[in-house]
Structures are given as C-alpha cells and as structure tokens.
Amino acid sequence: QVQLVESGGGLVQAGGSLRLSCAASGSIFSINAMGWYRQAPGKQRELVASLTSGGSTNYADSVKGRFTISRDNAKNTVYLQMNSLKAEDAAVYYCNARRTASLGREYDYWGQGTQVTVSS
C-alpha cells in the first residue's frame, strides 16, 4: 500500500504563490507516476499536473506557464509550485499516485486533500 499526505494549502491573494507538498510512504518502489488533481464546489475532479517516474510532465491548459510539478526522490516527495494564482484556482487539491502493473492494470492512491483559497 501507498500512503500520501498533502500539505501547503491555505489562503492567498490573487497573483500570489503557494507550494503544495505530497509526502509518500509505504510501497513507494511500485509507483510509476504521480499527479495533482483539484476539485472545486459543483465541479468534477480534474487533473492539474502529472509526473512519470521517467520525468515526463503534463499540465492542464488552464495552469500551463503558472504551475510546475517536481519531485525530490531522496525525500519521497512531490511538489506543486503555483504562481500567479487566480480566483478560479480555488479548490481542494489532491495528491495521486499510480501503480501500473502487468497487463496494463492500474491502481490509484489518494491523499486527504488540502484546501487552496484565493482572494480577489
């Protein structure tokens, strides 16, 4: 099993920055990719950014150029640097870890979520 703990959320003014952290523990050797998702009230959970074990990144169009996903393997931690925050970025942000097993089987693990609030 994999356990994920997010931190770093809070209240920030529009145009400001926050850095979210996700610390992984457990069977971390089995993880192939990690990502950040967010869910705002009344909306579906959406992928914000992802990072594979090989270093490939992917971003939602709405955050390209403003958000950066990165990792520190020594600390088993993934980060989401959020700059130039907008009111529409306000949401609960969730850390995700994905394990891809044989025959294309995929398993997902989730953190508890951290609230990001943007004032305008």
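Here, every reference points to the structure presented above.
Below: a short report on this structure. Keep in mind that what you see is a predicted model, and the values were worked out from it rather than measured. (Residues numbered from 1 in each chain as written. Predicted model: local features only at pLDDT ≥ 70, side-chain atom pairs only at ≥ 80, totals over all residues. Heavy atoms only, no water.)

Scanning the protein chain from N- to C-terminus turns up zero helices and 11 strands. Listing each helix as α and each strand as β along the protein chain from the N terminus yields β-β-β-β-β-β-β-β-β-β-β. Whereas a compact globule of 120 residues would reach a radius of gyration of roughly 14 Å, the protein chain reaches 14 Å, a difference of no more than 12%. Residues counted as buried form 40% of the 120 residues belonging to the protein chain. Carbon and sulfur atoms form 47% of the exposed surface of the protein chain, whose accessible area is close to 6500 Å². (Helix = DSSP H or I, 4+ residues; strand = E, 2+ residues; numbered from the N terminus. Rg over C-alpha atoms; globule rule 2.2 N^0.38 Å. Buried < 20%, exposed > 50% of the residue type's maximum accessible area, 1.4 Å probe, protein only. Areas by Shrake-Rupley, 256 points an atom, 1.4 Å probe, with all protein chains shown as cover.)

Within the largest apolar cluster, 30 residues are counted, with the highest numbers of intra-cluster contacts made by Leu-4, Trp-36, Leu-80, Met-82 and Tyr-93. Going through the elements one at a time, strand E1 (2-7), strand E3 (18-26), strand E4 (33-39), strand E5 (46-52), strand E7 (67-72), strand E8 (77-82), strand E9 (91-100) and strand E11 (114-119) are the ones with two or more residues in this core. Leave out the neighbours within four places in its chain, and Tyr-93 touches Glu-6, Leu-20, Trp-36, Tyr-37, Arg-38, Val-48, Phe-67, Leu-80, Met-82, Gly-113, Thr-114 and Val-116. (Core = buried A, V, L, I, M, F, W, Y, C linked by side-chain atoms within 4.5 Å. Contact = heavy atoms within 4.5 Å.)

Our next topic: the sheet that holds E8. Sheet architecture is open: four strands sit in the order E1-E3-E8-E7, paired in antiparallel fashion. The two strands at the open ends of the sheet, each matched to only one other strand, are E1 and E7. Averaged over all pairs of adjacent strands, the angle between their axes in this sheet comes to 20°, without regard to strand direction. Bridging between E3 and E8 involves six bridges; their strand directions are antiparallel. In the sheet register, Leu-18 faces E8, and the bridge partner there is Met-82. (Pairing = 2+ DSSP bridges. Axes fitted to C-alpha atoms, helices over the stretch in contact; angles between N-to-C directions.)

This paragraph deals with the pattern of salt bridges. Taken as a whole, this structure holds six salt bridges when the rule is applied. Between Arg-66 and Asp-89 there is a salt bridge whose closest N-O contact spans 2.8 Å. You can see Arg-66 sitting in the loop between strand E6 (57-59) and E7 and its partner Asp-89 sitting in the loop between E8 and E9, a full 23 residues away along the chain. Taking relative accessible area as the criterion, Asp-89 reaches 0% and is therefore assigned buried. Through salt bridges with shared partners, a single ionic network connects Arg-38, Glu-46, Arg-66 and Asp-89. (Salt bridge = Lys/Arg side-chain N within 4 Å of Asp/Glu carboxyl O.)

That is the geometry; function is a separate question.
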